[in-house]
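# Notes for the structure review
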Amino acid sequence: MTRAVCPGSFDPVTYGHLDIIRRTAELVDEVVVAVGDNVAKNALFPPQERVVMLEAACAELPNVSVTLFRGLLVKFCADQGIGLISKGVRTADFSYELQMAQMNRRLTGVDTVLFPTDPRWAFVSSSLVREVATLGGDVSEFVPPAVARQISARVGEPAG
Ligand code: PNS
């Protein structure tokens, strides 16, 4: 059985991520979406909330599960017996994604497939979605409706 991990921060999950998860799920038997358990300073959602959002967004994909991971991605892959990393790549991230793929392969032999991002989502990133939403822009075109509602609720909250 072929298993792949789709790792990321997913803060928040976008249609770009979901396209990569769906394309991976068509190629392998099982996909584990792994949410990095890192709490960045400018994070919009805590990691566990991102997991719940992703579970809902991937509910119609029977061979996809979602979990948190902490530490090195290659260690997570080894612990889970997963031999493949799957990621989307936009023009701007290509050299860094290539570098990470090469580093991960050198570390443990785990290989990476890089899917060219669908042109529809080429300009979409979680960081831009966060920035646009935080400044009052409409991001409903780039994320599932439930995620858009959670973003509105979060950015509408008074800073605490
Ligand atoms: O969605 P992102 O922020 O681009 O995801 C990046 C992520 C979490 C996939 C990447 O930072 C990662 O793999 N982090 C785990 C730590 C690690 O293994 N670092 C070495 C990478 S070669």
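Check the entry above for the structure.
This write-up is about the structure you can find in this document.

Here we take up the sheet that holds strand β4 (residues 84–89). Reading across from one edge, β3-β2-β1-β4-β5 is the order of the 5 strands in this open sheet, with parallel pairing throughout. Of all the strands in the sheet, just β3 (64–69) and β5 (111–116) have a single pairing partner and so form its edges. Shown here is a sheet whose adjacent strand axes are inclined to one another by a mean of 30°, direction ignored. Relative to β3, strand β2 (residues 30–36) is paired through 6 bridges, and the arrangement is parallel. Each residue of the ladder has a partner; that of V31, found in β3, is V64. Against the sheet, helix α3 (residues 73–80) engages β1 (3–8), β2, β3 and β4, with an angle of about 150° to β1. Sitting on the sheet, helix α4 (residues 94–108) touches β4 and β5, and the angle it makes with β4 is about 175°.

Ranked by internal contacts, the top residues of the largest apolar core, which has 32 residues, are I21, V33, L54, V64 and I151. Those elements giving two or more residues to this core turn out to be β1, α1 (15–27), β2, α2 (47–57), β3, α5 (126–134) and α6 (145–156). Counting residues per element, this core draws most heavily on α2, which supplies 4 residues. Beyond its immediate sequence surroundings of up to four residues, I151 is in contact with P12, L44, F45, V129, A133, V139 and V143.

Applying the stated criterion to the full structure yields 12 salt bridges. Where E30 meets R3, a salt bridge forms, and the shortest distance between an N and an O atom there is 3.3 Å. Placement of E30 in strand β2 and of R3 in strand β1 is noted, with a sequence separation of 27 residues between them. Assessed through its relative accessible area of 23%, E30 is described here as partly exposed.

The next subject is empty space enclosed by the protein. Taken as a whole, this structure holds 1 cavity of 30 Å³ or more when the rule is applied. Counted as a void, the largest cavity has a volume near 40 Å³. L73, I85, K87, E97, M100, A101, N104 and T112 are the residues that line the largest cavity. Ranked by the residues each element gives to the lining of the largest cavity, the list is headed by α4, at 4 residues. Across the lining of the largest cavity, the residue classes tally to 4 nonpolar, 2 polar and 2 charged.

We now examine the layout of surface pockets. Within this model, the largest pocket holds a volume of roughly 1100 Å³. P7, G8, S9, K87 and E97 are, among the 44 residues lining the largest pocket, the residues nearest its centre. Secondary-structure elements contributing two or more residues to the lining of the largest pocket are β1, α1, α3, β4, α4 and α5. Ranked by residue count, the leading element in the lining of the largest pocket is α4, at 9 residues. Across the lining of the largest pocket, the residue classes tally to 17 nonpolar, 17 polar and 10 charged.

Here we come to the site of the ligand. As a structural note, the neighbourhood of the ligand is formed by P7, G8, S9, F69, G71, L72, L73, K87, M100, M103 and N104. For the ligand, an oxygen atom lies 2.6 Å from a polar atom in the side chain of S9. A distance of 2.8 Å separates an oxygen atom of the ligand from a polar atom in the backbone of L73. When the ligand sits alone it has 550 Å² of accessible area, and the protein chains cover 65% of it. Among the cavities detected, the one that contains the ligand is the largest pocket. When residues of the shell around the ligand are traced back to their parent elements, those giving at least two are β1 and α4. Split by residue class, the shell around the ligand holds 6 nonpolar, 4 polar and 1 charged.

Conventions adopted
Residues numbered from 1 in each chain as written. Predicted model: local features only at pLDDT ≥ 70, side-chain atom pairs only at ≥ 80, totals over all residues. Heavy atoms only, no water. Pairing = 2+ DSSP bridges. Helix = DSSP H or I, 4+ residues; strand = E, 2+ residues; numbered from the N terminus. Axes fitted to C-alpha atoms, helices over the stretch in contact; angles between N-to-C directions. Contact = heavy atoms within 4.5 Å. Core = buried A, V, L, I, M, F, W, Y, C linked by side-chain atoms within 4.5 Å. Buried < 20%, exposed > 50% of the residue type's maximum accessible area, 1.4 Å probe, protein only. Salt bridge = Lys/Arg side-chain N within 4 Å of Asp/Glu carboxyl O. 1 Å grid on protein atoms, 1.4 Å probe; cavity = no way out; pocket = protein on both sides within 12 Å on 5 of 7 lines; lining within 4 Å. Points joined across faces, edges and corners; volume = space filled by probe spheres on them. Nonpolar A, V, L, I, M, F, W, Y, C, P; charged D, E, K, R; others polar. Near = heavy atom within 4 Å. Polar contact = N/O pair within 3.5 Å; in protein donor to acceptor, adjacent residues only side chain to side chain. Areas by Shrake-Rupley, 256 points an atom, 1.4 Å probe, with all protein chains shown as cover. Sits in = over half its atoms within 2 Å of the grid points.

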